[in-house]
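Report on the structure
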Amino acid sequence: MKESTVEKAYEVAVERYAALGVDAGKALEKLGKISLSLHCWQADDVSGFENQGGDLSGGIQVTGNYPGKARNIGELRADILKASSLIAGSHRLSLHEIYGDFQGKVVDRDEVEPLHFQSWMEWGRANGMKLDFNSTSFSHPKSGNLTLASPDKGIRDFWIEHTKRCRKISEEMGKYQGDPCIMNLWVHDGSKEVPANRLKYRRILEQSLDEIFAVKYSNMKDCIEAKLFGIGMESYTVGSYDFYLGYGAKKGKIVTLDTGHFHLTESIADKLSCLLLFTPEIMLHVSRPIRWDSDHVVILNDDLQDLAREIVRCDQLDRIHIGLDYFDGTINRIGAYVIGSRATQKALLMAFLEPSATLQEYEAKEQLFERLALQEELKSLPWNAVWDMFCLKNGVPAGEDYIADIQAYEKEVTSKRV
């Protein structure tokens, strides 16, 4: 897209928004300050580098076998850098424990140490990308249907030790990068049929979490993530939303809201204002469910726009962290990164361009027709011209121009991976 075309369209948009009392330039500044936490597992279908073999398990599934996925740590890093070069702004990288730099050695999950992520810390610093972290309880011979909620002390202790070590790694990451590393804890624990005693397993999970969180750190933040159900564990999830909401409110932990981990009729946006009153912060994992937690690539749909509006309206951006969490192997994986990231940024930009003061004034005066009418008109305002300027200012392709970049990278790099 020609620079002159972008600039002309932006000038018109600035004038249009100014008529509503909105400063488009300030909206761009606000958007530029938001760092998304990109998920490393989109690049290789959640394979990781443990070299232990085995298929993906734990109630999750990746669909598709598009050629060219990353096969090793070097290829994965190259793909992430390529994707980030097409996403405006400065962003973070979220790593799962199975993506450690194990140098071809078998390191079991209760043996993992910060040294296995030292090269990641150095890579992140060299590329201006801060790191977040995730414990990995799935796809392991000892994961089964129960990990931290297992009545088997040997199994339970294995996963407690794993998670403790992940917290220590996160602490070292945060210390190294001079910014807290956000560590997400999610376990798939559940059962295909309703158990004889639901409370039994939730009590065990609570006790495991208490032991894991006993050590206090100052350079990392703990997040606990719920889920509605997993494949093969449809009837009962130990770590449900109600469980983690209660635990997070009582123990002062960050609750992670994954937009794919709830019933499809639930509004994730509606939950933000509730959690902000009773928990310290919120972690978001932005995904797109289609009838279940299918982790489709995020697109600019109504759900995403509603979520973004609520993030901005709450005016608590320093307490809400935004990460991506989907894994689509049916299309170009780098393209999936870029589509989802840019869609999330677009939704946030549209929220920043909302004439909030006017809408709140209408509401205070009970001018509900005016409020609804303005909300509808906002949908057709030239936000896309402001978006193109955001891309231009950040040195990334505007509009659909990034498609050619990804096609070229596929031709030159990923298509040659056999």
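Residues numbered from 1 in each chain as written. Predicted model: local features only at pLDDT ≥ 70, side-chain atom pairs only at ≥ 80, totals over all residues. Heavy atoms only, no water.

1. Some remarks on empty space enclosed by the protein
This model, assessed by the stated rule, comprises seven cavities of 30 Å³ or more. In this structure, the largest cavity encloses a volume near 200 Å³. The wall of the largest cavity is formed by 18 residues, among which His 96, Phe 138, Trp 186, Asp 325 and Phe 327 lie closest to the centre. For the lining of the largest cavity, the residue count by class is six nonpolar, six polar and six charged. (1 Å grid on protein atoms, 1.4 Å probe; cavity = no way out; pocket = protein on both sides within 12 Å on 5 of 7 lines; lining within 4 Å. Points joined across faces, edges and corners; volume = space filled by probe spheres on them. Nonpolar A, V, L, I, M, F, W, Y, C, P; charged D, E, K, R; others polar.)

2. With respect to unusual backbone geometry
Even without being glycine, Gln 103 reaches a positive phi, approximately 55°. Note on placement: Gln 103 falls in the loop between β2 (92-96) and α4 (118-126). In this structure, Glu 366 takes a positive phi of about 60° despite not being glycine. On the secondary structure map, Glu 366 appears in the loop between α11 (356-364) and α12 (368-378). (Helix = DSSP H or I, 4+ residues; strand = E, 2+ residues; numbered from the N terminus.)

3. Describing helix α6 (residues 198-212)
Over its 15 residues, α6 extends 22 Å from the first C-alpha to the last, a length consistent with the 21 Å expected when each residue adds 1.5 Å. Within α6, the full set of buried residues consists of Tyr 201, Ile 204, Leu 205, Ser 208, Leu 209 and Ile 212. Down the axis of α6, the smallest arc covering the buried residues is 135°, so these residues share one side. Buried residues belonging to α6 abut α5 (153-177), β4 (181-185), β7 (236-237) and α7 (241-251). With a side-chain oxygen lying 3.1 Å from the backbone nitrogen of Leu 199, the N-terminal cap of α6 falls on Asn 197. (Expected span 1.5 Å × (residues − 1). Buried < 20%, exposed > 50% of the residue type's maximum accessible area, 1.4 Å probe, protein only. Arc of directions from axis to C-beta. Contact = heavy atoms within 4.5 Å. Polar contact = N/O pair within 3.5 Å; in protein donor to acceptor, adjacent residues only side chain to side chain.)

4. What about the side chain of Ser 170?
Mapped onto the elements, Ser 170 comes out in helix α5. Sequence-distant contacts of Ser 170, defined by excluding residues within four places in its chain, comprise Phe 133, Cys 181, Met 183, Asn 219 and Met 220.

5. Regarding the environment of Met 129
With respect to the helices and strands, the residue Met 129 is situated in the loop between α4 and β3 (131-134). Sequence separation between Met 129 and Gln 177 is 48 residues, and the spatial gap between their C-alpha atoms is 9.1 Å. Excluding residues within four positions of it along the chain, Met 129 makes contact with Ile 80, Ser 84, His 91, Arg 92, Leu 93, Trp 123 and Gly 124.

6. Regarding the pattern of salt bridges
Tallied over the full model, the rule gives 25 salt bridges. The shortest N-O distance in the salt bridge between Asp 306 and Arg 309 comes to 3.9 Å. Taken as a pair, Asp 306 and Arg 309 lie in helix α9 (residues 302-314) at a separation of three residues, close to a single helical turn. Among the salt bridges present, the one from Glu 354 reaches Arg 313, with a minimum N-O distance of 2.8 Å. Residue Glu 354 is located in the loop between α10 (333-352) and α11, and its partner Arg 313 is located in helix α9; the two are separated by 41 residues in the primary sequence. The exposure class assigned to Glu 354 is buried, which follows from its relative accessible area of 12%. Within this structure, Arg 71, Glu 75, Asp 79 and Arg 417 form a network of salt bridges that share partners. (Salt bridge = Lys/Arg side-chain N within 4 Å of Asp/Glu carboxyl O.)

7. Some thoughts on the layout of surface pockets
Roughly 460 Å³ of volume is contained in the largest pocket. Along the walls of the largest pocket sit 22 residues, with Lys 33, Ile 34, Ser 35, Arg 92 and His 321 positioned nearest its centre. Each residue belonging to the lining of the largest pocket can be placed in one class, and the counts come to eight nonpolar, six polar and eight charged.

8. Let's talk about the packing of α10 against helix α14 (residues 402-412)
It is the contact of α10 with α14, at a shortest axis distance of 10 Å, that shows an interaxial angle of 160°. It follows from the interaxial angle that α10 and α14 lie roughly antiparallel. Seen from above, α10 lies across α14 with right-handed handedness. Seen from α10, the contacting residues are Ile 334, Gly 335, Val 338, Ile 339 and Arg 342; seen from α14, they are Tyr 402, Ile 406 and Tyr 409. Grouping the constituent residues of the contact of α10 with α14 by class yields six nonpolar, one polar and one charged. (Axes fitted to C-alpha atoms, helices over the stretch in contact; angles between N-to-C directions. Parallel < 35°, antiparallel > 145°, perpendicular 65-115°, else oblique. Left-handed = near helix turned anticlockwise from the far one by under 90°.)

9. Some points on a nonpolar patch on the surface
Where nonpolar side chains cluster on the molecular surface, the patch consists of Ile 299, Ile 331 and Ile 339 and spans about 190 Å² of accessible area. Its location among the elements puts Ile 339 in helix α10. (Patch = residues over 30% accessible without salt bridge, like charges linked within 9 Å, V, L, I, M, F, W, Y side chains within 5 Å. Areas by Shrake-Rupley, 256 points an atom, 1.4 Å probe, with all protein chains shown as cover.)

10. Concerning the packing of aromatic side chains
For the structure shown, the criterion picks out 11 aromatic pairs. An angle of 85° between the planes, with centres 5.3 Å apart, marks the rings of Trp 120 and Trp 123 as edge-to-face. Of this pair, Trp 120 and Trp 123 both sit in helix α4, separated by three residues, roughly a single helical turn. No difference in accessibility class separates Trp 120 from Trp 123, as the two residues are buried. On the numbers, 4.9 Å between centres and 85° between planes, the contact of Phe 158 with Trp 159 is edge-to-face. (Phe/Tyr/Trp six-rings, centres within 6.5 Å; stacked < 30°, edge-to-face > 60°.)

11. Observations concerning the environment of Asn 184
As for its position among the elements, Asn 184 is in strand β4. Using a relative accessible area of 5% as the deciding quantity, one classes Asn 184 as buried. With residues up to four places along the chain from it excluded, the contact list for Asn 184 reads Phe 133, Asn 134, Ser 135, Cys 223, Ile 224, Glu 225, Thr 256 and His 285. At a separation of 2.5 Å, a polar atom in the side chain of Asn 184 contacts the side chain of Glu 225.

12. Describing the pairing of strand β10 (residues 320-324)
β10 sits mainly inside the fold: five of its five residues count as buried. Here β10 shows two buried faces, one formed by Ile 320, Ile 322 and Leu 324 and the other by His 321 and Gly 323. Taken together, the five bridges between strand β9 (residues 282-286) and β10 define a ladder with parallel strand orientation. Within β10, the residue paired with Leu 284 across the bridge is Ile 322. Of the crossover connections in this fold, the one passing from β9 over α9 to the parallel β10 is right-handed. (Pairing = 2+ DSSP bridges. Right-handed = clockwise from strand over helix to strand, strands pointing away.)

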